[in-house]
Amino acid sequence: MVFGWHGFQLEHPEDWAPSSLTGTRDEGYVRLTSSGKLSCQIRWRASRKPQPPSRSTLETYLKKLEKDSRRGKAPFRFEIDEEESGFAYRYSGATQARGMLFLSQPRTFFFEILSSGKDVAKATFLESSGSFRSDDSELDRWSLLGLDARVPSGLTVAKKVFQAGRTLLELKDRRMAVTLDRWGFAEQLVRKHDLETWARSLLHMPFAEVEEASGGIRLRSKPRLGLKVDEAIIVIQPDLNQIALVHVRARNEKWRPQWDWLT
């Protein structure tokens with residue numbers, strides 16, 4: 001499975017899920033936890049003049065962990081290896097971890113796999129860290145808890161809702177407002193309400209024009225309040241038994257939602 005957030009993504013086992021999501025594209029923190037003893041945490045920070053990370057930055061971080069570990073009367077050890085892309089490290093104390101500190105312009109990332117039991121296997125760490133991607137493409141991938149979509153980059157999370165059977169993100173910037181929404185039990189929903197009626201009610205678009213496409217529909221409302229785009233695309237994903245949608249409100253017609261945004 002893929003987790004995508006604020007312009008970076010990584011592959012992870014199916015039983016991993018986000019337990020903490022804080023910050024913005026410029027600075028933030030993510031933690032993914034599993035049903036077992038492993039977890040993953042990612043910290044990032046952007047800089048106007050990004051520089052390759054220094055060993056002292058990593059040592060300061062590890063010494064803080066060492067101080068915390070000593071408070072809990074747990075022995076603490078760490079190792080650092082300099083690599084072409086940054087620094088690889090491992091530590092053991094109250095928890096065991098392997099990590100990387102690296103620059104992916106304009107952001108510096110800490111990427112760690114932690115274990116509450118035995119040391120994190122090197123193969124497990126390399127598999128997870130090797131799938132990590134961060135770039136400045138025109139579209140960001142947002143992927144978590146069954147939702148998987150690509151939308152214009154640089155948006156900020158204004159709202160998130162994680163419920164049984166539903167994942168919702170509201171993203172914004174000066175250009176547009178985008179709603180990403182995923183609903184489970186598509187077969188049951190469509191059986192009770194046809195897709196068009198259900199979507200009009202959910203999105204408050206009762207008078208929108210409708211355009212049918214293979215596997216979905218597009219709803220288009222008349223421009224209002226300075227908007228040139230008020231459109232949504234809604235698709236049924238039968239293999240996952242879910243409905244996914246993207247709703248865009250924007251001031252420029254070039255930001256009309258595209259079918260390939262829903263991966």
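Scroll up a little and you will see the structure.
Residues numbered from 1 in each chain as written. Predicted model: local features only at pLDDT ≥ 70, side-chain atom pairs only at ≥ 80, totals over all residues. Heavy atoms only, no water.

Helix and strand counts for the protein chain come out as four helices and 19 strands. For the protein chain, the spread of C-alpha atoms along the principal axes amounts to about 65 × 40 × 30 Å. Residues counted as buried form 46% of the 263 residues belonging to the protein chain. Summing over all exposed atoms, the protein chain offers an accessible surface of approximately 14,500 Å²; the carbon and sulfur share of this is 49%. When the 42 basic and 35 acidic side-chain charges of the protein chain are each reduced to a single mean position, those positions are 7 Å apart. (Helix = DSSP H or I, 4+ residues; strand = E, 2+ residues; numbered from the N terminus. Buried < 20%, exposed > 50% of the residue type's maximum accessible area, 1.4 Å probe, protein only. Areas by Shrake-Rupley, 256 points an atom, 1.4 Å probe, with all protein chains shown as cover. Lys, Arg positive; Asp, Glu negative; His and termini not counted. Charge placed at Lys NZ, Arg CZ, Asp CG, Glu CD.)

For the structure shown, the criterion picks out 16 salt bridges. Note that R141 and D148 form a salt bridge whose closest N and O atoms lie 2.7 Å from each other. Accessibility assignment for this pair places R141 and D148 in one class, buried. In this structure, E211 and R220 form a salt bridge, with 3.5 Å as the shortest nitrogen-oxygen distance. By relative accessible area, which is 34% here, E211 ends up partly exposed. Classification of R220 as partly exposed rests on a relative accessible area of 25%. (Salt bridge = Lys/Arg side-chain N within 4 Å of Asp/Glu carboxyl O.)

Attention now goes to the sheet that holds strand β8 (residues 96-104). The seven strands are arranged β3-β4-β5-β9-β8-β7-β6 in an open sheet whose pairing can be described as antiparallel. Edge positions in the sheet fall to β3 (17-23) and β6 (77-83), since each has one partner strand and no second. When the angles between neighbouring strand axes are averaged without regard to direction, this sheet yields 15 degrees. The pairing of strand β5 (residues 38-46) with strand β9 (residues 107-115) spans nine bridges and is antiparallel. (Pairing = 2+ DSSP bridges. Axes fitted to C-alpha atoms, helices over the stretch in contact; angles between N-to-C directions.)

Now for the packing of aromatic side chains. In the structure shown here, the tally under the stated rule is 18 aromatic pairs. Both rings, one in F3 and one in W5, keep their centres 6.3 Å apart while their planes meet at 20 degrees; by these two values the pair is stacked. The pair formed by F3 and W5 is uniform in burial state, with each residue classed as buried. Ring plane angle 70 degrees and centroid distance 5.1 Å describe the contact between F109 and F132, whose orientation is recorded as edge-to-face. Remark: F132 occurs in the loop between α2 (122-130) and β10 (133-134) and F109 occurs in strand β9; sequence separation between them is 23 residues. Given a relative accessible area of 0%, F109 falls into the buried group. Among the aromatic side chains, those forming a connected cluster through ring pairs are F3, W5, F8, W44, F102, F109, F111, F125, F132 and W142. Directly above the aromatic system of W255 lies the positively charged group of R175, at a separation of 4.9 Å from the ring centroid. (Phe/Tyr/Trp six-rings, centres within 6.5 Å; stacked < 30°, edge-to-face > 60°. Lys NZ or Arg CZ within 6 Å of the ring centre and 35° of its normal.)

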